[in-house]
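A look at the structure
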Amino acid sequence: MKIFCVANQKGGVGKTTTTVNLAAGLAKIGQRVLMVDLDPQGNATMGSGVDKRKLELSVYDVLLESASIKEAAVNSEKVGYHVLGANRDLAGAEVELVALEHRDQRLRTALKEVSEDYDFVLIDCPPSLSMLTLNGLCSAHGVIVPMQCEYFALEGLTDLVNTIKQVHANLNKDLQIIGLLRVMFDPRITLQQQVSDQLKAHFSDKVFNAVIPRNVRLAEAPSYGLPGVVFDPSAKGSLAFVEFAAEMVERIKKM
Ligand code: ADP
Ligand code: MG
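Below or above, wherever it landed, is the structure these notes cover. Each residue is numbered by its place in its chain's sequence as written, counting from 1. Both sets of labels track the order of writing: A upward for chains, 1 upward for ligands. Under the rules for a predicted model, residues below a pLDDT of 70 receive no local features and side-chain atom pairs below 80 are neither given nor counted, while totals for whole chains, interfaces and linings still include all residues. Computation of side-chain values: all heavy atoms of the structure, hydrogens and water removed.

A look at the state of the cysteines
Criterion for a disulfide: a pair of cysteine sulfur atoms at a distance within 2.5 Å. All told, the structure shown has zero disulfides when counted by the stated rule. The structure places no disulfide on C138, whose sulfur is separated from the nearest cysteine sulfur, that of C5, by 9.1 Å.

So, in structure tokens, the structure goes:
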């Protein structure tokens, strides 16, 4: 079982879209997947066909050790993967965890119990470098960083890279940046091409080959409670995510 965080402390860069579509893409090619929603907004939960308002148990209960992942994860049949969901309860966890021991290791410990049950665990992180994100980073083998090819994209990366380095040095020596994923890409925009070329030049094999285009079907899918890959499998964006899933399957063979 390999565990990946989808992280970037900027909001609206495509973390949740990446998490749910990669999960659906991996499921489509036969992988057993658990999606963990670490964002109190619960968008990845809703976007995986699970109603966050009706969750009996959530990732909040797992972090506070009042439930196991086996108890709290639900099988979302229409998307083909399991979901450890989140809702607004999780916003309180940040404060409640402060007083507890090993507060940054809670998710890691809980995931050990399901290590035989899944091939991939994907963790959707909130747009901050908070205790919740730290729980994700402490659990993971790698970080997937979705980014838009914009002028300031690289600047925002510095804080995340430094955090990852610190977690690697002090808390989780498995952790590495697996790769940068170019998302919402529009090849007609010259600047995006240029930034994409710069990314390749700077980070070479840390940049995934798959590129996710800007595609309205990916943006429409969440309102149907589905990842684009399930909602419209033939859309360009969906095909790109299935390609990305295949690339991830190849990547983990080298880990
Ligand atoms: P984050 O989780 O980082 O805040 P989201 O995944 O929620 O970001 O994406 C932000 C917005 O951009 C959402 O409205 C989403 O539907 C849209 N979006 C994400 N990726 C794409 C894409 N490839 N093409 C078009 N819209 C996208
Ligand atoms: Mg999100």
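Digging into a nonpolar patch on the surface
On the surface, a cluster of nonpolar side chains totalling about 430 Å² of accessible area is made up of Y151, F152, I189 and L191. Under the DSSP-based scheme used, a helix requires at least four consecutive residues in state H or I and a strand at least two consecutive residues in state E, with every element numbered from the N terminus. Among the secondary structure elements, I189 is positioned in the loop between β7 (176–185) and α9 (190–203). Candidates for patches are residues over 30% relative accessible area with no salt bridge; among them, like charges are joined within 9 Å and nonpolar side chains (Val, Leu, Ile, Met, Phe, Trp, Tyr) within 5 Å. All accessible areas in this document rest on Shrake-Rupley with a 1.4 Å probe, and a residue is counted as covered only by the protein chains that are shown. When a carboxyl oxygen of Asp or Glu is within 4 Å of a side-chain nitrogen of Lys or Arg, the pair counts as a salt bridge.

Some details on the sheet that holds strand β2 (residues 33–37)
Each strand in a sheet pairs with its neighbour through backbone hydrogen bonds, running either in the same direction (parallel) or in the opposite one (antiparallel). With mixed pairing, the eight strands of this open sheet are ordered in space as β3-β4-β2-β5-β1-β6-β7-β8. Edge positions in the open sheet fall to β3 (74–76) and β8 (207–213), since each of these has one partner strand only. Averaged over all neighbouring strand pairs, the angle between strand axes comes to 25 degrees, with direction disregarded. Where β3 and strand β4 (residues 81–84) come together, three bridges link them in antiparallel fashion. Note that in β4 the partner of S76 across the bridge is Y81. Every residue pair with non-hydrogen atoms within 4.5 Å of one another is taken to be in contact. Throughout, an axis means a line fitted to C-alpha atoms (over the contacting stretch in the case of helices), and angles, computed between N-to-C directions, take values from 0 to 180 degrees. Contacting β1 (2–6), β5 (120–124) and β6 (142–147), helix α7 (residues 131–139) crosses the sheet at an angle of about 150 degrees to β1. The sheet contacts of α9 involve β6, β7 and β8, and relative to β7 the element is tilted by about 170 degrees. Strand pairing requires that DSSP identify at least two bridges connecting the strands.

Structural notes on the environment of M131
Along the chain, M131 turns up in helix α7. Relative accessibility under 20% of the residue-type maximum defines a buried residue, over 50% an exposed one, and the middle range a partly exposed one, all with a 1.4 Å probe and only protein chains included. Residue classification places M131 among the buried residues on the basis of a relative accessible area of 15%. Separated by 34 residues in the primary sequence, M131 and L97 place their C-alpha atoms 8.1 Å from one another. Beyond its immediate sequence surroundings of up to four residues, M131 is in contact with E94, L97, R103 and D104.

Observations concerning the packing of helix α5 (residues 89–98) against α7
Relative to each other, α5 and α7 sit at 85 degrees, their axes nearing to 9 Å. With respect to each other, α5 and α7 are oriented roughly perpendicular. In this structure, α5 uses L90, E94 and L97 to contact α7, whose residues at the interface are M131, L132 and N135. Our angle categories are set so that under 35 degrees counts as roughly parallel, over 145 as roughly antiparallel, 65 to 115 as roughly perpendicular, and the remainder as oblique.

A word on the site of ligand 1
Around ligand 1 sit 14 residues in total, of which G12, K15, T16, T17 and N215 are the nearest. Side-chain atoms alone can form a polar contact between residues adjacent in sequence; in general such a contact is a pair of N or O atoms within 3.5 Å, and within protein one must be able to donate a hydrogen while the other accepts it. P213 places a polar main-chain atom, nitrogen or oxygen, 2.9 Å from a nitrogen atom of ligand 1. Interatomic distance of 2.9 Å between a backbone N/O atom of N215 and a nitrogen atom of ligand 1. Contributions of two or more residues to the shell around ligand 1 are made by α1 (15–28), β8 and α10 (216–220). Among the elements that line the shell around ligand 1, the one with the most residues is α1, at three residues. Three categories are distinguished: nonpolar for Ala, Val, Leu, Ile, Met, Phe, Trp, Tyr, Cys and Pro, charged for Asp, Glu, Lys and Arg, and polar for the others, with Gly belonging to the last. In terms of residue class, the shell around ligand 1 is made up of six nonpolar, six polar and two charged. Nearness here has a simple test: a residue counts as near a molecule or strand if at least one of its heavy atoms is within 4 Å of that partner.

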